[in-house]
Structure formats: C-alpha cells, structure tokens
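Residues per chain are reported as follows:
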Amino acid sequence: MRSNQSARQDDAHQERSAVHPVVEMLKWDIRLQFRYGIIPVYVVLTSLLVLGLQLAGQDINPDIVILLIATDPAVLGFYFIAVLVLYEKTEGVLQALVVSPLDATGYLFSKAASLSTLAVSASFAVAVSEFGLSPRIAVLLFGVLLSSLLIVFLGFVAVSRFDSINEFFLSAAVWGTILFSPILGYLGLFNTPAFYLLPVQPLLITIEAGVRSVSLWKVIYAFAYLVVGTTLTFLWARRSFDRDILRQGDPGRKLGHGSTQSTGMDRWMPMPQSPWVGLLVTDAKNWLRDPMLAFAAAGPLLLAGVIRVIAPVITTRLAGIVDLTVYYPVIAGSMAVFGPGIFGFIVGMLILEDRDTDILTAYRTSPLSLNGYLLYRGSTTFFFSFLSTLPALLVVGLVQSSALILLGTVVLGALSGPVIGLVLGLVASNSIEGIALSKFMNIVLLGPALVIAVVSEPLQFLASILPMYWPVKVYVAGVTGQSNTFALFVIGVGVHLIALVSVAKLVVPKTITRR
C-alpha cells in the first residue's frame, strides 16, 4: 500500500516538475517584457489609439480599424520574439536550456503565450472601443490569437539563425513585404489568389468577420488555415531551435563590429592614424559585406516610387468621398523624415550593440573618446539621411517644388536622423528597450505629418516641439507658396540643434553613469 502511495506521490512530483519550468519561463518572459517596456509601451500605444478612435467619432471607416488591428497588435510578436531571442542569446539563457528541465516546446510555448496574450488584449481594446462588445468579437479575438501564435513561431524561425538585431531586420523587411502583401488585395489595389497562401489573408478575414458579415466559406478557410498553419510553424520553429539555437561554433558577426574571419579587403586596406577614419574604415568594410545599408538607402526611394504610383489610383477611388489632392503636399513632405527614421533606427541599434558589448566603455579611454564616437555616429547618420532623402523627394512627385525648398527640406530631414539615432541609442538600456522605444519613435516620426494634415494653425504648432515636425512643415509651406517659409526653416534648424545639445548635455552623462 505504502509502495503504491509512494509511487503515486513520485508521479505527481514528476508531473509538477515537468510543468514548473514552463511556468517559471512564462513568469520570466512577462517580467522581461515589463522590465524592458514591451507591455507598458503597448498599454500606452493602445490607449492612444483608442483615444484617437473615440475622438474621430462614428465617421471613421471600419476598414481602417480592421487594418490597424491587422498591421500592429495582431502581429507584434514577429518583431518582439526576435529581440527577446537575441537578448537571451547574448545573455546565455538559450545555451543554458541545454542542461535545464525546460525543452524547446516549453520555451516556444512561453514566448507564444505571453506575446499572444498581449496581442489579443490590445486587439480587444481597439475592437470594443470602436465596434462595441458583441458575440461577434469572439471570432475576431480567436482569429487574432491563432494568427499571433503563428506569427510568433514564424518570427522565431526568421530570427533563429541571426546573432545581431541589425542583421535580422534586413530579413524581417523581406518577410514583412511578403506577409503583408494581402493588404494590397484588401485595399483593392492588386489581387491574386496567391494571397490566400499567406497568413495575413486569413487574419484579415477573421478580423472582418468579427465586425460584419463574411462569406461562410471564407471563415472556414481562415480558421482551417490558421489551425494547420500554427501547427506547422510550431514544428518548423522547434526544428529551428534544435538546428540554430543549440548550434556551436562561430557566433556570427554584428553589423559594425566585423566578422570573425578576415577577407582580402582586410589585407589591402591600410590601418589609418585618425580614430575617426579608423572607425569609418571599419564600418565601411562591414557595410560593404552587409546588404542592410543598401536596403536602408533604397527603402525611401522604393516607398517614394510606390506612393507616386498608387496615390493617384487611391485618389480616383475616393474621389466621391474625399479629395486627397489637398493632402498631396503633406504626403510628399512626409518622405523627408522616412529616410532619417530608417538610418536613425540603424545607428541607434548600433550604439546599443556597442553599449551591450562594452565597446562604448572602451571608447571613453581611447583617442577617439566617447564624444568623438557620438559625433561620428551623428555625422554619418546626417550624411546617409541626406543622400536617401533627396532622391526620394524628387521621385515621389505629386506636387511641384523649387530646388531651394527641396534643399531646405532635405537638410532639416537629415538633421532629424542624428536626433532619432542618439535618443534611441542612449535612452534605451538594451536592444529590447530599443525596439519598444522605436514604437514611440514611429509616432514621433509620422505624428507631426498627420497633425499638419488635419489640425489648423495655431493649434498645430503644439507639435512643433518635435524636430520631425519641421521638415514636413517647411516643405508644405514652400510648395503652397507661404511667405514665412524661410523663417520656418531657421526655426526648424534651431529646434534640431537644441534637441542635439539637450541629448549631449542631459542624456550622455546619465548614460556614462549607468554604465
């Protein structure tokens, strides 16, 4: 009797032990997401989105809300799983799993559960605020849950072979372009049956089914796809964990830090004497090897080309509802901050990498010095922002602009790049906080253009404390023939300089102390 009772107790103990590591990992994930701002950021962003929808009233098109849910909260796991995995790689957490009771299934479950809960909660808040609480919302939430699980597993597959966040984001851009292409069909710009092979298509269907009537066959297809797709992507993620996470050998290179193997370029490039030139040569060698810079440079130009093509099409489709030509100056002017936003993000993540690896600490006692390093990063950000913004403004078209207006707008836009990069790289504590902070930076980047479009002066000037307001404002003022354009340009330069000096005086000393 005692023997059987003891055996049952041992079995129960083993069962509890099998569950315990998963629970502990889930607690760790939630604490990590709170500590580094992922959950707080989404609480604030969702609150702002709900507030904006309430202020917009009943006039807002339901399709806009559907797209908002499908393109942000429902798929947030794709990017955040990446930074969490890369952080745990750096900290050695993943390597420790080899000898821990937690297996790959438990690890993936924890990540998927924590991030999907956040996605469902944010989607619920947005949907209920706009459409009210109804039984139909359950369809939307279940669709978001399955889609989020699938997207998290897919994000793990995408990031598992990388060791640097900057390397991952080039791959993520390709993944995102493919995954989100069904939105073109939803907008009526381009449609193909091939969209039904991509997970965002069933996501859009389930969200729409939670708002209004949708064909029954589409709902059956959507949930069947998501159930099967989630299962297959989990198996794929499990295989990637075994193959990539637990691999041994070269830890890989990081953008801006060089490779573990030398190349012919290393042999023929002489070692420079100047610290600035030395850092520039090091970056140049890595940029030539890494396609991230080429993609970042081409991104604004590609977007400008897309806007030039689709803006007239959308204008024609909405002719009976709204005259979009009135907003052409703002649409074109917003290109002035897109390129600086990309390069500011890249440089900000580079600074965070240098801080995480204590390279920033080493620069403090080197001939370059910490201030010299930050000046170098800011200068290169300005240079690349300028080079990417000028052709983008020329290509986007939509409105006529003089060379002087173009030049002034590009200069102001390029000044925004160092502000974004230095704030991101110095305010955030690590890459996880950097990605979370970048969500706010997106609002800071694009918010001023929206304010210029829909809010009249003088109330509009409340947004002028943000440096990114001024490139768009100067461009709009210039192309519409306002007489105060030059004065706006001078003020814009001053706001950017104040922002840069504030970073140097207030943020840099705290960063040094924190390290």
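Owing to the predicted nature of the structure, the values given are computational and were not obtained by experimental measurement.

A. Representation of the overall build of the chain within the structure. A count of helices and strands for the chain gives 22 helices and 0 strands. Looking at the 515 residues of the chain, the share that counts as buried comes to 48%. Across the chain, contacts joining residues at least 24 apart in sequence account for 79% of those joining residues at least 6 apart. Of the roughly 24,000 Å² that the chain leaves accessible, carbon and sulfur atoms contribute 68%.

B. Representation of the side chain of Ser181 in the model. Looking at the element boundaries, Ser181 is found in the loop between helix 8 (165–179) and helix 9 (182–186). Among the polar contacts made by the side chain of Ser181, one reaches the main-chain carbonyl oxygen of Ile178 at a distance of 2.7 Å. Non-local contacts of Ser181, meaning those with residues more than four positions away in its chain, are made with Phe195 and Leu198.

C. Molecular detail of helix 10 (residues 200–209). Burial within helix 10 is extensive, with 10 of its 10 residues counted as buried. Buried residues of helix 10: Val200, Gln201, Pro202, Leu203, Leu204, Ile205, Thr206, Ile207, Glu208 and Ala209, and no others.

D. Focus on the packing of helix 16 (residues 335–356) against helix 19 (residues 403–427). Running from N to C, helix 16 and helix 19 point in directions that differ by 25°, and their axes come no closer than 7 Å. The angle between helix 16 and helix 19 places the two elements in the roughly parallel class. The element helix 16 and its partner helix 19 pack so that their crossing is right-handed. Counting all contacts with helix 16, which are made through Ala336, Pro340, Gly341, Gly344, Phe345, Gly348, Met349, Ile351, Leu352 and Arg355, the residues of helix 19 involved are Thr409, Gly413, Ala414, Ser416, Gly417, Ile420, Gly421, Leu422, Leu424, Gly425 and Leu426. Residues that form the contact of helix 16 with helix 19 fall into these classes: 11 nonpolar, 9 polar and 1 charged.

E. Structural view of the side chain of Ser123. By secondary structure assignment, the location of Ser123 is in helix 6 (residues 104–131). When sequence neighbours within four positions are dropped, the list of residues in contact with Ser123 reads Ile69, Pro73, Ala74 and Val144.

F. Fine view of the nonpolar core. Judged by nonpolar contacts, the single largest core of 98 residues is most densely connected at Phe80 and Phe168. The dominant element in this core, judged by the number of residues it contributes, is helix 7 (residues 137–159), at 14 residues. Ignoring any residue separated from it by four or fewer positions in sequence, one finds Phe80 in contact with Ile38, Tyr42, Leu115, Ile435, Ala436 and Lys439.

G. Highlighting the pattern of salt bridges. Across all of its chains, the model carries 4 salt bridges by this definition. Here Arg212 and Asp63 are joined by a salt bridge, their closest N and O atoms 2.4 Å apart. Taken as a pair, Arg212 in the loop between helix 10 and helix 11 (216–245) and Asp63 in helix 3 (residues 62–71) lie far apart in primary sequence, 149 residues in all. A residue is classified by how much of its surface remains accessible, and Arg212, at 27% relative accessible area, is partly exposed. Members of the salt-bridge network, linked through shared partners, are Asp63, Glu208 and Arg212.

H. Expanded view of the packing of aromatic side chains. For the structure shown, the criterion picks out 15 aromatic pairs. Ring centres 5.4 Å apart and planes at 70° place the aromatic pair Phe383 and Phe384 in the edge-to-face group. Residue class for Phe383 comes out partly exposed when judged on its relative accessible area of 46%.

I. Here's a closer look at helix 19. The end-to-end C-alpha separation of helix 19 is 36 Å, in line with the 36 Å expected for 25 residues at 1.5 Å each. The element helix 19 is extensively covered by neighbouring structure, given that 19 of its 25 residues are classed as buried.

J. Summary view of a nonpolar patch on the surface. A cluster of nonpolar side chains, namely Val43, Val44, Leu48, Leu51, Leu55 and Ile443, defines an oily patch on the protein surface of about 550 Å² accessible area. The element contributing the most residues to the nonpolar patch is helix 2 (residues 38–56), with 5 residues. Examined against the element boundaries, Leu55 turns out to sit in helix 2. Since its relative accessible area comes to 69%, Leu55 is described here as exposed.

Cut-offs applied
- Residues numbered from 1 in each chain as written.
- Predicted model: local features only at pLDDT ≥ 70, side-chain atom pairs only at ≥ 80, totals over all residues.
- Heavy atoms only, no water.
- Helix = DSSP H or I, 4+ residues; strand = E, 2+ residues; numbered from the N terminus.
- Buried < 20%, exposed > 50% of the residue type's maximum accessible area, 1.4 Å probe, protein only.
- Contact = heavy atoms within 4.5 Å.
- Areas by Shrake-Rupley, 256 points an atom, 1.4 Å probe, with all protein chains shown as cover.
- Polar contact = N/O pair within 3.5 Å; in protein donor to acceptor, adjacent residues only side chain to side chain.
- Axes fitted to C-alpha atoms, helices over the stretch in contact; angles between N-to-C directions.
- Parallel < 35°, antiparallel > 145°, perpendicular 65-115°, else oblique.
- Left-handed = near helix turned anticlockwise from the far one by under 90°.
- Nonpolar A, V, L, I, M, F, W, Y, C, P; charged D, E, K, R; others polar.
- Core = buried A, V, L, I, M, F, W, Y, C linked by side-chain atoms within 4.5 Å.
- Salt bridge = Lys/Arg side-chain N within 4 Å of Asp/Glu carboxyl O.
- Phe/Tyr/Trp six-rings, centres within 6.5 Å; stacked < 30°, edge-to-face > 60°.
- Expected span 1.5 Å × (residues − 1).
- Patch = residues over 30% accessible without salt bridge, like charges linked within 9 Å, V, L, I, M, F, W, Y side chains within 5 Å.

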